[in-house]
Amino acid sequence: MRENAVKNIIFKMPHFYDLWSSRLHSLSFKNTRSDYLRSRIIILSTVLGILLILWIPFDILFLTSDQSIKITFARLLLGSFFFFLALKKHQYNSLRQIQLCIALLTLSLNIFYLYCLAVLDFPDSNLKYGYVYTLLPIIHVAVLTIFPVTFKESLSLLSITAIIQILVNYYTGHLFKPEYLAIYWLQSVLALMVVWSQVSKLHMLMRLYRQAILDPLTGIYNRRMLLRLGKKSMIECSQNNKPFSVLLFDIDKFKRINDTWGHSVGDKVLTGFTAFVQGKIRKTDLFGRYGGEEFILFLPDCPSDTAIKISNRMLTAIRELKLPIDIENQSLSITTCIGISTYSENDTLASMLERADLALYKCKNFGRDCSHFYPIDLQYENDERLKIAEKISIN
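Basis of the calculations
Residues numbered from 1 in each chain as written. Predicted model: local features only at pLDDT ≥ 70, side-chain atom pairs only at ≥ 80, totals over all residues. Heavy atoms only, no water. Core = buried A, V, L, I, M, F, W, Y, C linked by side-chain atoms within 4.5 Å. Buried < 20%, exposed > 50% of the residue type's maximum accessible area, 1.4 Å probe, protein only. Helix = DSSP H or I, 4+ residues; strand = E, 2+ residues; numbered from the N terminus. Domains from an automatic or database assignment. Contact = heavy atoms within 4.5 Å. Phe/Tyr/Trp six-rings, centres within 6.5 Å; stacked < 30°, edge-to-face > 60°. Lys NZ or Arg CZ within 6 Å of the ring centre and 35° of its normal. Pairing = 2+ DSSP bridges. Axes fitted to C-alpha atoms, helices over the stretch in contact; angles between N-to-C directions. UniProt positions renumbered as here; feature names shortened; annotations may be inferred.

Formed by 69 residues in total, the largest nonpolar core has its most connected members in Y133 and F298. Top contributing element to this core by residue count: helix α6 (residues 95-119), with eleven residues. Counting contributing residues, this core receives three or more from each of domain 1 (16-213) and domain 2 (223-393). Setting aside anything within four residues of it in sequence, one finds F298 in contact with L226, L227, G230, F244, S245, V246, D285, L286, L349 and L353. I220, I257, V269 and L332 belong to the second-largest nonpolar core, a separate cluster that totals 29 residues.

Written as structure tokens, this is what we have:
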């Protein structure tokens, strides 16, 4: 019950859940963040590996021979592990693999800290060289600032260091000593700064990502990202022998709406139409603005007959749609044309869009407010191209 209450509060805060968890992040953003995190892992692993090895002379100088040998071995082992992570950068691509890699990096640092303290017999005096090792948790917390992660991920990573340190202090009987309480306070302040830094980086990354891939008016995919994701989805369907269809929407007589009511009303029509379509599609579908009043809906795992049924249902629902325009409580009704094409062997995304565009012209010739499927027939295609070219030349 308490967990559900917390989730309800989080969901009510705009954009906060995107910063709390990656569960609702889009696949494309997860891939973008994975690339960014992977580059940070490579840099951090390389730097830490070098620093671990460069510290070996200090251990040899200030520690006993037995202690320096054991800790040097641990440094070389941990450094090798970090270099391995850096060199195997192409082995982890998904966000889950990246998250696991960061967790392993954090856990390995804490295991090294625990091992070194055991070798040094858990030092607690700041007059000893070994006291340097008791400060490692602060460094472990600080290095996490380079990662743009969610609140949930950040707290999980910080909890690894916190649990290890509490266990160590409990074992040594230092858990409630005044000087250690002061260290806890310092680490808590540092942890808050780290969480703020990590989430701020994630928030900035999300803003830049949205500006780069989303249409500023409607909030759906812009043309560049839509075509990129559509091509990827089409290739995946082709490789898995699954159908793939395209629906190309064009709002009928949209220029007349702008001329009659103004561009602000035209914008409301576009956003209202977008919201309507988004409420009707599957999570696996890709919907975006192609340009002006044209929109594209990519339908993976959808054969032509199903795509035709979907377009007919869409047409019926759009005819009944009332879009408020905030002018004397009035609302507008709209209709659309829908051009349909389905993937065939050796097809490309460009050829599919071209057939859907030709089907769209066919709809306009039929008087609009209808859909048309463009079959894969070379003679049919040549005839339609000729008809369209003749109509354009006459006009």
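As enumerated under the stated definition, the model contains eight aromatic pairs in all. Against the face of Y290 rests R223, its NZ or CZ located 4.1 Å from the ring centre. The residue whose ring lies beneath K364 is Y361, and the NZ or CZ to ring-centre distance is 5.7 Å.

Locating F276 in the fold gives a position in helix α13 (residues 263-278). Among the residues examined, F276 registers a relative accessible area of 13% and is labelled buried. Residues F276 and I318, 42 residues apart in the sequence, show an inter-C-alpha distance of 8.3 Å. Other than its neighbours up to four places away in sequence, F276 contacts M314, A317, I318 and L321.

Adjacent strands of a sheet pair through backbone hydrogen bonds, lying either parallel or antiparallel. One open sheet accounts for five strands, arranged β2-β3-β1-β6-β7; its pairing is mixed. The two strands at the open ends of the sheet, each matched to only one other strand, are β2 (286-291) and β7 (371-373). Neighbouring strand axes in the sheet, compared pairwise and without regard to direction, differ in orientation by 20° on average. Where strand β6 (residues 336-342) lies against β7, three bridges are found, and the strand directions are parallel. The residue of β7 that forms the bridge with G339 is H372. This element, helix α11 (residues 223-239), spans β1 (244-251), β2 and β3 (294-300) of the sheet and lies at about 135° to β2.

Residues given the UniProt feature "domain: GGDEF" (unreviewed entry) here are residues 242-376. The annotated region residues 242-376 carries 42% helix and 26% strand content, and the separation between its end C-alpha atoms amounts to 17 Å.

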